[in-house]
Amino acid sequence: QVQLVESGGGLVQAGGSLRLSCAASVMQFSINTMAWYRQVPGKRRELVASITSRRITTYADSVKGRFTISRSNANNTVSLQMNTLKPEDTAVYYCAITAPGSATLYWGQGTQVTVSS
């Protein structure tokens, strides 16, 4: 059984900051990659940032230099520090994880981030 619980979303003015957190409860496997995706209505869900178990990170071009992903392997948590937020960052943000050797993504329920101009 896999359970992902996100927190930290909300409303912020442009230029502000938010920190998202996700706690993963996993019984069957060790977590490989942890990631954050986002989705706005009518558009495909897109990868925002990911971090492997060895802490190799990737970022979408649109967030490079503004967002930072981090994780705790001991606690199975992943965070996304979002700075200099823009209205176009408004979306539902989803936490996701994968198991080693698998492409299957396990998803959280999502948390709304709204950036006002």
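Keep in mind it's a predicted model, so treat the numbers as computed, not measured. (Residues numbered from 1 in each chain as written. Predicted model: local features only at pLDDT ≥ 70, side-chain atom pairs only at ≥ 80, totals over all residues. Heavy atoms only, no water.)

A. View of the nonpolar core. Counting 27 residues, the largest nonpolar core has Trp-36, Val-48, Phe-67, Val-78, Leu-80, Met-82 and Tyr-93 as the members making the most contacts within it. Counting residues per element, the ones that place at least two in this core are strand E3 (18-26), strand E4 (34-39), strand E5 (46-51), strand E7 (67-72), strand E8 (77-82), strand E9 (91-97) and strand E11 (111-116). Examining the composition of this core, we find that five residues originate from one element, E3, more than from any other. In this structure Val-48 touches Trp-36, Tyr-37, Arg-38, Thr-58, Tyr-59, Ala-60, Val-63, Phe-67, Leu-80 and Tyr-93, once residues within four positions along its chain are discounted. (Core = buried A, V, L, I, M, F, W, Y, C linked by side-chain atoms within 4.5 Å. Buried < 20%, exposed > 50% of the residue type's maximum accessible area, 1.4 Å probe, protein only. Helix = DSSP H or I, 4+ residues; strand = E, 2+ residues; numbered from the N terminus. Contact = heavy atoms within 4.5 Å.)

B. Local environment of the state of the cysteines. Tallied over the entire structure, the rule returns one disulfide. Here Cys-22 engages in a disulfide with Cys-95; their sulfurs sit 2.1 Å apart. Disulfide Cys-22 to Cys-95: torsion about the S-S bond roughly -80°, handedness left-handed. In this pair, Cys-22 sits in strand E3 while Cys-95 sits in strand E9, placing the two residues 73 residues apart along the sequence. For Cys-95, a relative accessible area of 0% gives the class buried. (Disulfide = S-S within 2.5 Å.)

C. Spotlight on the environment of Ala-49. Looking at where Ala-49 falls in the secondary structure, it is placed in strand E5. For the pair Ala-49 and Ile-69, spaced 20 residues apart in sequence, the C-alpha to C-alpha distance is 6.5 Å. What Ala-49 contacts, discounting residues up to four positions off in sequence, is Met-34, Ala-35, Trp-36, Thr-58, Tyr-59, Ile-69 and Leu-80.

D. Here's a closer look at the pairing of E7. Relative to E8, E7 runs antiparallel, the two being bridged by six bridges. Opposite Ile-69, over in E8, you have Leu-80 as the bridge partner. Linking two consecutive strands that pair antiparallel, namely E7 and E8, is a turn of four residues; a positive phi of about 55° is found at Asn-76 within it. (Pairing = 2+ DSSP bridges.)

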